[in-house]
Amino acid sequence: MKIGKIDFAESWKSLSKSQFIEAYKGFEKDTGVDSGAAYYLLTGKGKEKKEPSQGEE
Amino acid sequence: MACSLFYFSGQGDCKAFRERAIGVILTKKNTVALTPAEAAALSTWAPIFADSAGQDGIYVSFARGYQNNTTEPEMTTSNLGLTEKTFDSPPLIKGFGEMSYADYKTFFSADGGAYDVWLVLNDGTIEAYTRADGKIQGRRAKVFMNFNAPSADNPQEALPIDISFTDVNQWKENSVSVRPIFTIPELMDLVPIGVEISVITAYTAGTVTLKAVKRNSTTPETGFDTIANWPILASLGDPAVTVTVVNAASAAFGIYTLTIKSNVTDNLTAPVIIRGEAEGLVAGQLGYVSQPLQINP
């Protein structure tokens with residue numbers, strides 16, 4: 001599951017949303033995708049609130 | 001000892017020499033047993049050397065030198081002058097690896113281990129022995145590496161590998177020579193290209209940064225950019241250790257930042273052993289593989 005050049009393991013799907021947001025904090029800058037959009041992209045759960053803006057700061 | 005029945009079996013017109021050994025195929029002990037036809041086919045050896053699910057063997061070239069150091073058979077003379085052979089020693093060979101010292105170091109952990117050794121001769125013949133079930137297998141041997149300072153005079157003989165066969169009976173009537181339909185360079189090309197990985201930023205708060213280069217060079221390895229490229233070989237303490245993120249933003253330089261966790265979210269408390277690997281031209285077969293590397297938390 002890739003966002004840009006960052007590959008995330010399938011195990012991210014097993015995280016609760018709060019665990020996901022906590023674990024994802026350090027990657028927002030590298031992916032350019034905020035945690036809400038990343039949660040949707042990586043887990044397929046929840047409603048996408050924002051179009052992912054890959055590569056953007 | 002027991003005596004065998006001997007049958008006079010004629011002689012062929014071809015009196016060609018038995019060729020010198022130019023290398024060996026090392027396979028895991030009692031893992032690779034083939035029919036002679038299978039051993040003669042290149043497609044058989046490809047998954048043995050490079051299966052992405054696990055490698056079972058490797059070809060080692062002794063093009064830099066080969067010695068037969070087998071102890072002469074024990075001959076005993078009675079007090080009445082009768083001399084007889086009283087013991088056959090199993091063969092002991094020494095090959096000088098055609099490889100870099102960086103490659104040689106990857107064999108250090110094989111030191112003293114038992115493997116099945118398929119002898120490869122200069123004309124491409126592969127020597128093995130026939131098992132009781134009719135399949136052929138490499139002869140059992142212990143492999144010894146040399147932990148020594150660099151050679152002062154002969155660099156070709158700087159990287160010796162001693163192979164001590166354990167059972168002379170695998171060299172007797174059940175010895176078998178297979179003439180493959182491939183050449184040895186084709187066999188060598190099946191061995192994945194070696195990659196060297198090293199830690200450039202130690203494991204901190206769940207992440208470690210590694211650099212991967214083609215072995216014994218500064219050429220970056222640029223193809224280790226997914227989770228699948230970084231299998232965890234062993235965990236020395238923590239349960240359920242996985243690579244959860246691979247940041248390949250600097251892959252062009254061979255630099256990868258890996259997040260390694262226990263139970264998905266916990267930072268490591270004990271070392272893990274990891275390696276990098278990637279498929280080559282053939283799907284399902286490794287084209288690139290690194291040495292194992294211990295990551296300390």
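Criteria and cut-off values
- Residues numbered from 1 in each chain as written.
- Chains lettered and ligands numbered in written order.
- Predicted model: local features only at pLDDT ≥ 70, side-chain atom pairs only at ≥ 80, totals over all residues.
- Heavy atoms only, no water.
- Core = buried A, V, L, I, M, F, W, Y, C linked by side-chain atoms within 4.5 Å.
- Buried < 20%, exposed > 50% of the residue type's maximum accessible area, 1.4 Å probe, protein only.
- Contact = heavy atoms within 4.5 Å.
- Buried area = accessible area lost by both parts, 1.4 Å probe.
- Salt bridge = Lys/Arg side-chain N within 4 Å of Asp/Glu carboxyl O.
- Polar contact = N/O pair within 3.5 Å; in protein donor to acceptor, adjacent residues only side chain to side chain.
- Helix = DSSP H or I, 4+ residues; strand = E, 2+ residues; numbered from the N terminus.
- Nonpolar A, V, L, I, M, F, W, Y, C, P; charged D, E, K, R; others polar.
- Pairing = 2+ DSSP bridges.
- Phe/Tyr/Trp six-rings, centres within 6.5 Å; stacked < 30°, edge-to-face > 60°.
- Lys NZ or Arg CZ within 6 Å of the ring centre and 35° of its normal.

A. Inspection of the nonpolar core at higher detail. Ranked by internal contacts, the top residues of the largest apolar core, which has 38 residues, are Phe8, Trp12 and Tyr24 of chain A together with Trp230, Tyr256, Leu258 and Ile260 of chain B. Other than its neighbours up to four places away in sequence, Phe8 of chain A contacts Met1, Ile3, Tyr24, Phe27, Thr31 and Leu42 of chain A together with Ile227, Thr244 and Val245 of chain B. In terms of nonpolar packing, the next biggest core, distinct from the first, is built from 24 residues, Ile25, Phe49, Val191 and Leu286 of chain B among them.

B. A look at the interface of chain B and chain A. Each side of the interface is counted separately: chain B has 13 residues, and chain A has 12 residues. For the pairing of chain B and chain A, the buried interface totals around 1000 Å² over both sides, and the portion due to carbon and sulfur atoms is 58%. Asp225 of chain B is the partner of Lys2 of chain A in a salt bridge, and the nearest nitrogen-oxygen pair spans 3.3 Å. Taken together, the connections running from chain B to chain A amount to seven residue pairs in polar contact (both at pLDDT 80 or more). Counting residues per element, the side of chain B that touches chain A draws most heavily on strand 16 (residues 241-247) of chain B, at five residues. Grouping the constituent residues of the side of chain B that touches chain A by class yields seven nonpolar, five polar and one charged. Relative to strand 16 of chain B, strand 2 (residues 6-8) of chain A runs antiparallel, the two sharing three bridges. Looking at strand 16 of chain B, one finds that Ile6 of chain A is bridged to Asn247 of chain B.

C. Inspection of the pairing of strand 2 (residues 57-61) of chain B at higher detail. All names here are of chain B. In terms of residue burial, strand 2 counts as a mostly covered element, since four of its five residues are buried. Bridge count between strand 1 (residues 21-28) and strand 2: five bridges; the pairing is antiparallel. Each bridged residue has a counterpart across the sheet, and for Gly23 the counterpart in strand 2 is Ser61.

D. Structural detail: the packing of aromatic side chains. Under the counting rule described, the total for this entry stands at 20 aromatic pairs over all chains. Both rings, one in Phe8 of chain A and one in Trp12 of chain A, keep their centres 5.1 Å apart while their planes meet at 85°; by these two values the pair is edge-to-face. Trp12 of chain A shares its class with Phe8 of chain A; the two are buried. Residues Trp45 of chain B and Phe49 of chain B carry aromatic rings whose centres are separated by 6.0 Å and whose planes lie at 40° to one another, so their mutual orientation is tilted. One end of the pair is Trp45 of chain B and the other is Phe49 of chain B, both in helix 2 (residues 42-50) and four residues apart, which spans about a single turn. The buried category is assigned to Trp45 of chain B, whose relative accessible area is 0%. Through a chain of ring-to-ring contacts, the aromatic side chains of Phe8, Trp12, Phe20, Tyr24, Phe27 and Tyr39 of chain A assemble into a single cluster. A cation over an aromatic ring shows up here: Arg139 of chain B above the ring of Trp171 of chain B, its NZ or CZ 3.5 Å from the ring centre.

E. Spatial organisation of the environment of Val272 of chain B. Residues and elements named next belong to chain B. With respect to the secondary-structure elements, Val272 resides in strand 19 (residues 272-274). Overall, Val272 belongs to the buried group, its relative accessible area being 0%. For the pair Val272 and Gly81, spaced 191 residues apart in sequence, the C-alpha to C-alpha distance is 64 Å. Dropping the residues within four chain positions of it, Val272 is found in contact with Ala234, Ser235, Val241, Ile260, Leu293, Gln294 and Ile295.

F. Main features of helix 3 (residues 35-43) of chain A. All names here are of chain A. Residues of helix 3 that are buried include every one of Ser35, Ala37, Ala38, Tyr39, Leu42 and Thr43, and no others. Where helix 3 is buried, its residues contact strand 1 (2-3), strand 2, helix 1 (17-24) and helix 2 (28-31). In this structure Asp34 caps helix 3, since a side-chain oxygen of it lies 3.1 Å from the backbone nitrogen of Gly36. Note on helix 3: the residue one or two positions beyond its end, Gly44, has a positive phi of about 75°.

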